[in-house]
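Below, each chain spelled out in residue letters.
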Amino acid sequence: MTILFDFDDVLNDLSKCFIQELNREYGKQVQWESVSEFEIGESFPDLSDYQIYTPYLDGTLYLDAHPEQGAQNLLHDLAQKHTIYIVTAGLLALPETTLYEYMWDGNPVNSTEYMLRFLGEYYPDVHPQNIVMTTNKTMIRGDALIDDRPQNLIGFRGLKILMDKPYNHTFDTERHNIHRAYTYDDVKTILTEELGIE
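What you see is a predicted model, and the numbers here were worked out from it, not measured in a lab.

Brief notes about the side chain of D13
Part 1 of the argument: By the element assignment, D13 lies in the loop between β1 (2–5) and α1 (14–26).
Part 2 of the argument: Here D13 sits buried without a salt bridge, and the closest side chain of opposite charge, K16, lies 5.5 Å off (N-O distance).
Part 3 of the argument: Once you skip the residues sitting within four places of it in the chain, D13 turns out to touch A65, H66 and E68.

Some details on the sheet that holds strand β2 (residues 83–88)
Across a sheet, strands are paired by hydrogen bonds formed along the backbone, either parallel or antiparallel in direction.
Part 1 of the argument: Taking strand neighbours across the sheet as the criterion, the 6 strands line up as β3-β2-β1-β4-β5-β6 in an open arrangement whose pairing is parallel. The open sheet has two edge strands with one neighbour each: β3 (131–133) and β6 (179–181). The average undirected angle you get between the axes of adjacent strands in this sheet is 25°.
Part 2 of the argument: Two elements, β1 and strand β4 (residues 144–147), share 3 bridges in a ladder whose sense is parallel. Note that in β4 the partner of L4 across the bridge is L145.
Part 3 of the argument: Where helix α6 (residues 111–122) meets the sheet, it contacts β2 and β3, and its direction lies at approximately 150° from that of β3.
Part 4 of the argument: The sheet strands contacting helix α8 (residues 184–195) are β1, β4, β5 (159–163) and β6, and the helix crosses β5 at an angle near 170°.

Brief notes about the nonpolar core
Part 1 of the argument: Counting residues in hydrophobic clusters, the biggest one holds 50 residues, and the most contacted among them are F5, L11, Y184 and V187.
Part 2 of the argument: Here this core gets 5 residues from one element, more than from any other, and that element is α1.
Part 3 of the argument: Setting aside residues no more than four positions away along its own chain, Y184 makes contact with F5, V10, L11, E68, Q69, G70, A71, L74 and M163.
Part 4 of the argument: With 8 residues, the next largest nonpolar core counts L145, L153, F156 and I178 among its residues.

Considering the packing of helix α4 (residues 71–79) against α8
Part 1 of the argument: One way to put it is that α4 packs onto α8 with a least axis distance of 9 Å and a crossing angle of 30°. When the axis of α4 is compared with that of α8, the two are roughly parallel. α8 is crossed by α4, and the crossing has right-handed handedness. Contacts between α4 and α8 involve A71, L74 and L78 on the former and, on the latter, Y184, V187, K188 and L191.
Part 2 of the argument: For the contact of α4 with α8, the residue count by class is 6 nonpolar, no polar and 1 charged.

Examining the pattern of salt bridges
Part 1 of the argument: Counting across every chain of the model gives 9 salt bridges.
Part 2 of the argument: Where R24 meets E21, a salt bridge forms, and the shortest distance between an N and an O atom there is 2.7 Å. Here R24 pairs with E21, and both are found in helix α1, just 3 residues apart, close to one helical turn.
Part 3 of the argument: Here D164 ties to R180 by a salt bridge, and the two come within 2.6 Å at their closest N and O atoms. Note that D164 is positioned in the loop between β5 and β6 and R180 in strand β6, a separation of 16 residues in sequence.
Part 4 of the argument: The class for D164 is buried, based on a relative accessible area of 16%.
Part 5 of the argument: Here R180 falls in the buried class, since its relative accessible area comes to 17%.
Part 6 of the argument: Here the salt bridges do not stand alone but share partners, grouping D6, K137 and D147 into one network.

About the thresholds
- Residues numbered from 1 in each chain as written.
- Predicted model: local features only at pLDDT ≥ 70, side-chain atom pairs only at ≥ 80, totals over all residues.
- Heavy atoms only, no water.
- Helix = DSSP H or I, 4+ residues; strand = E, 2+ residues; numbered from the N terminus.
- Buried < 20%, exposed > 50% of the residue type's maximum accessible area, 1.4 Å probe, protein only.
- Lys, Arg positive; Asp, Glu negative; His and termini not counted.
- Salt bridge = Lys/Arg side-chain N within 4 Å of Asp/Glu carboxyl O.
- Contact = heavy atoms within 4.5 Å.
- Pairing = 2+ DSSP bridges.
- Axes fitted to C-alpha atoms, helices over the stretch in contact; angles between N-to-C directions.
- Core = buried A, V, L, I, M, F, W, Y, C linked by side-chain atoms within 4.5 Å.
- Parallel < 35°, antiparallel > 145°, perpendicular 65-115°, else oblique.
- Left-handed = near helix turned anticlockwise from the far one by under 90°.
- Nonpolar A, V, L, I, M, F, W, Y, C, P; charged D, E, K, R; others polar.

Here's what the structure looks like:
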């Protein structure tokens, strides 16, 4: 079977690091648990997109990020019998003007390099050729998709698993035939019960 995983905030804790960095840099007090919108900028309304996305673009956030608990073991186990793809928006999700402004200022865009280093260190079972960058995940085929953004799951044709995060707590998963997982043990249970994956 083919199992698709989102990367940021599914296989790592990047948004927590993002918030900590913006709090430190700009003297803010935003708490992870209070983040109610998927877009980080909504929690920092007085910062520009340039200020918000610079820590992502320079790639250093990945140096502080950690794998989500249980993710490494599950991916390793799944990779022994199944095909694993990472399907992520990455840089494609950023406002174009911010990306161009950042590069125009002479800054190197290192986030993809640091993302690949993170994958190589913590998820060596995922081959770099099995990384797909797209903002339209419904176009990718697979037997299951694990993601933290409900909009990425709604049109997906396989098994849909939503990793629970503060910004998706209120999303009605039952209405869209989506399973909610709080831990990677939950993900494993859902994959086993729905697809017979062991």
